[in-house]
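In case you want the letters, here they are:
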Amino acid sequence: MKKGIHPENYRPVVFKDMSNEDIFITRSTMAAKETIVVDGVEYPLIKVEISSTSHPFFTGKAKLVDTAGRVDKFMSRYGERKK
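Residues numbered from 1 in each chain as written. Predicted model: local features only at pLDDT ≥ 70, side-chain atom pairs only at ≥ 80, totals over all residues. Heavy atoms only, no water.

Considerations on the overall build of the protein chain
1) Next: In terms of regular secondary structure, the protein chain is built from two helices and four strands.
2) Next: Listing the helices and strands of the protein chain from first to last along the sequence gives β-β-β-β-α-α.
3) Next: Within the protein chain, the fraction of its 83 residues that count as buried is 17%.
4) Next: Sequence separation of at least 24 residues holds for 33% of the intrachain contacts in the protein chain that already meet a minimum separation of 6.
5) Next: In the structure as shown, the protein chain presents an accessible area of about 7300 Å², 55% of it carried by carbon and sulfur atoms. (Helix = DSSP H or I, 4+ residues; strand = E, 2+ residues; numbered from the N terminus. Buried < 20%, exposed > 50% of the residue type's maximum accessible area, 1.4 Å probe, protein only. Contact = heavy atoms within 4.5 Å. Areas by Shrake-Rupley, 256 points an atom, 1.4 Å probe, with all protein chains shown as cover.)

Re the sheet that holds strand S1 (residues 11-17)
1) Next: Spatial ordering of the open sheet is given by S2-S1-S4-S3, a layout of four strands whose pairing is mixed. Each edge of the sheet is formed by a strand with only one pairing partner; in this case those strands are strand S2 (23-28) and strand S3 (34-38). The average angle at which neighbouring strand axes cross in this sheet is 45°, direction not considered.
2) Next: The pairing of S1 with S2 spans six bridges and is classified as antiparallel. The residue bridging valine 13 from the neighbouring strand is threonine 26, located in S2. (Pairing = 2+ DSSP bridges. Axes fitted to C-alpha atoms, helices over the stretch in contact; angles between N-to-C directions.)

A word on unusual backbone geometry
1) Next: One non-glycine residue, glutamate 21, lies in positive phi territory at about 65°.
2) Next: In this structure, glutamate 21 sits in the loop between S1 and S2.
3) Next: Residue classification places glutamate 21 among the partly exposed residues on the basis of a relative accessible area of 47%.
4) Next: Unusually for a residue other than glycine, aspartate 39 sits at a positive phi of about 55°.

Thoughts on the packing of aromatic side chains
1) Next: According to the stated counting rule, one finds one aromatic pair in the structure shown.
2) Next: With centroids separated by 5.6 Å and ring planes inclined at 15°, the aromatic side chains of phenylalanine 15 and phenylalanine 24 adopt a geometry described as stacked.
3) Next: Note on phenylalanine 15: relative accessible area 12%, which makes it buried.
4) Next: With relative accessibility at 37%, the residue phenylalanine 24 sits in the partly exposed group. (Phe/Tyr/Trp six-rings, centres within 6.5 Å; stacked < 30°, edge-to-face > 60°.)

So, the side chain of serine 51
1) Next: Tracing the sequence through the fold places serine 51 in the loop between strand S4 (41-48) and helix H1 (56-59).
2) Next: Residue classification places serine 51 among the buried positions, given a relative accessible area of 11%.
3) Next: Reaching out from serine 51, the side chain makes a polar contact with the side chain of aspartate 17 at a distance of 2.7 Å.
4) Next: Serine 51 has contacts with Asp17 and Phe24, leaving out every residue within four places of it along the chain. (Polar contact = N/O pair within 3.5 Å; in protein donor to acceptor, adjacent residues only side chain to side chain.)

Below you can see the structure in the form of structure tokens.
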């Protein structure tokens, strides 16, 4: 391998799916502001909106429930129109 082209800060990081509270540990270079303790070890925490444990393709669910809400989205698009 070539020297000096790979990041030096690979470390174990916890990714937390905020929709179902599932966590998984993998190596990453992402910067994290928060930490979490898993099995007595402290890891940097990266929060994600969706992962393979909550994505409709992997879970078999037909629809994805968005976090904004359908009524709120409708009102933001069409709510302030005059008759």
